[in-house]
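# Structure at a glance
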Amino acid sequence: MTVERTPKLVGTVWGLLVLNTLGSTGAETVVPLPRSLIQMVTMGALVAAFSLALVLNLRLRVRASAFLFLLTLLLVPSLIASADLESGLGALFRCARLALFVGTLWLLSRWWDGGPTFVRHHIRMYFLVLCTVAAGALVSPGAAMPDLYGGRLVGALWPLTPPQIGQYAAVIIGLAVLLVLGGRTDRRSAALVIVPSLVLLMLTHTRTATLGLLVGLTLAIGSLTLTSAAARRFFSWAVLCAAVAAVVFASALQAWFLRGQSEENFSNLTGRAKVWDALLAAPRTIGEQVFGMGLGDKSFDGLPIDNSWLAVYHEQGLIGIALVAAVFVALGGVALLRPPSLARACAIFLIGYCALASYTEAGLGDASPYLLHLAVAASLLAQPAAATPLPVPDPPRRRVPRWARTSEVT
């Protein structure tokens, strides 16, 4: 029996997808990078990812996936709303980008087998991104922690915002912890990823990423406690340390979460609630309510929406919300039906993180890191492909002498 191995170039394709979703806006970098150049690099990365995935999968073998099917359906309201060009030609450009992104995931689904391959690719690629952030902080601390962002860590070499850095750090910390608990990596290797990522997460002061990490790990480790003694020990120690920290460092933790903001500003989520109220109060036609306004830059009246559900409603309408909700229902339902395992725990962590982050971050309706996180979850929940039996050669035919054949006939 033989099992198809994942080509090493699949990791390159995944890295190109990560590069495409880094975005082109953010803090000012040490060396000014024109936005047009950044967009050229990110879009070139997506085209290269699709082309390379196509070369690796010339026979177009794909795995059945409800997740990818729903993402493909999401293109329908996106195209319908963008076709009237009310949002400009940029909307059609974003539709093409989403189509290439989903098409690349379809081509990679051939190697979704429930193993940790894509988890490792995910950790490696985002850790490389965090290495550029750390390098920028060492080269120019002032540019890496500017006053414009309240002294929070940003990308000084590539324009990355604090929420982006916090998201990447939180996701790879959670996945690395789960790999250690599952015995898929040693503690030293995991510490080389977890410790610096945790430092960068703290420097970003990103509340959503921190809460997503804690909630996601709680759900994931909780799913392992019945079958893993290591998970039970880790969970017990984590609860004890959290209780002690909450008592001893209560004032410091409160100050970290408030980030110098007033309680009123904190309660309305740093002004997000005002944008949300204005978006919901804006008049819309029936068609705009159903299909949305077309893919845009996830903003309303020039202000970021910072909510995946409202961003999807604004750009892809009620149909888009239904499809994104179906994605979570499909992935969550499959995860609950799977027996306890490391793959299931990692998938639960990613699903839980994305669900929590969707309240204050946008991206579930377009090509984004959040869709890559959910794609990794889908790869972990896929059933292993059936092994292909080796071809058995036919037994050699014995030559029967002519006199023997004649005697048989007589």
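Rules of the game
- Residues numbered from 1 in each chain as written.
- Predicted model: local features only at pLDDT ≥ 70, side-chain atom pairs only at ≥ 80, totals over all residues.
- Heavy atoms only, no water.
- 1 Å grid on protein atoms, 1.4 Å probe; cavity = no way out; pocket = protein on both sides within 12 Å on 5 of 7 lines; lining within 4 Å.
- Points joined across faces, edges and corners; volume = space filled by probe spheres on them.
- Helix = DSSP H or I, 4+ residues; strand = E, 2+ residues; numbered from the N terminus.
- Phe/Tyr/Trp six-rings, centres within 6.5 Å; stacked < 30°, edge-to-face > 60°.
- Buried < 20%, exposed > 50% of the residue type's maximum accessible area, 1.4 Å probe, protein only.
- Axes fitted to C-alpha atoms, helices over the stretch in contact; angles between N-to-C directions.
- Left-handed = near helix turned anticlockwise from the far one by under 90°.
- Contact = heavy atoms within 4.5 Å.
- Nonpolar A, V, L, I, M, F, W, Y, C, P; charged D, E, K, R; others polar.

### Looking at empty space enclosed by the protein
Per the stated rule, a full pass over the model turns up one cavity of 30 Å³ or more. Taken as a whole, the largest cavity spans an internal volume of roughly 30 Å³. Forming the walls of the largest cavity are Leu71, Val324, Val327, Phe328, Leu364, Leu371 and Leu374. Mapped by element, the contributors of at least two residues to the lining of the largest cavity are helix 15 (308-337) and helix 17 (369-381). At three residues, the largest contribution of residues to the lining of the largest cavity is made by helix 15.

### With respect to the packing of aromatic side chains
Under the definition given, this model contains five aromatic pairs. Pairing phenylalanine 349 with tyrosine 353 gives two aromatic rings, centres 6.4 Å apart and planes at 40 degrees, and the pair type is tilted. Residue phenylalanine 349 and its partner tyrosine 353 are both found in helix 16 (residues 342-357); the two are separated by four residues, about one turn of the helix. Under the relative-accessibility criterion, phenylalanine 349 is labelled buried at 0%. Judged by its relative accessible area of 1%, tyrosine 353 falls in the buried class.

### A word on the packing of helix 15 against helix 17
Two numbers describe how helix 15 lies on helix 17: the axes approach to 10 Å, and their chain directions differ by 35 degrees. Where helix 15 crosses over helix 17, the handedness of that crossing is left-handed. Contacts between helix 15 and helix 17 involve Val327, Phe328, Leu331, Val334 and Ala335 from the first element and Leu374, Ala378 and Leu381 from the second. Its residues placed into classes, the contact of helix 15 with helix 17 shows eight nonpolar, no polar and no charged.

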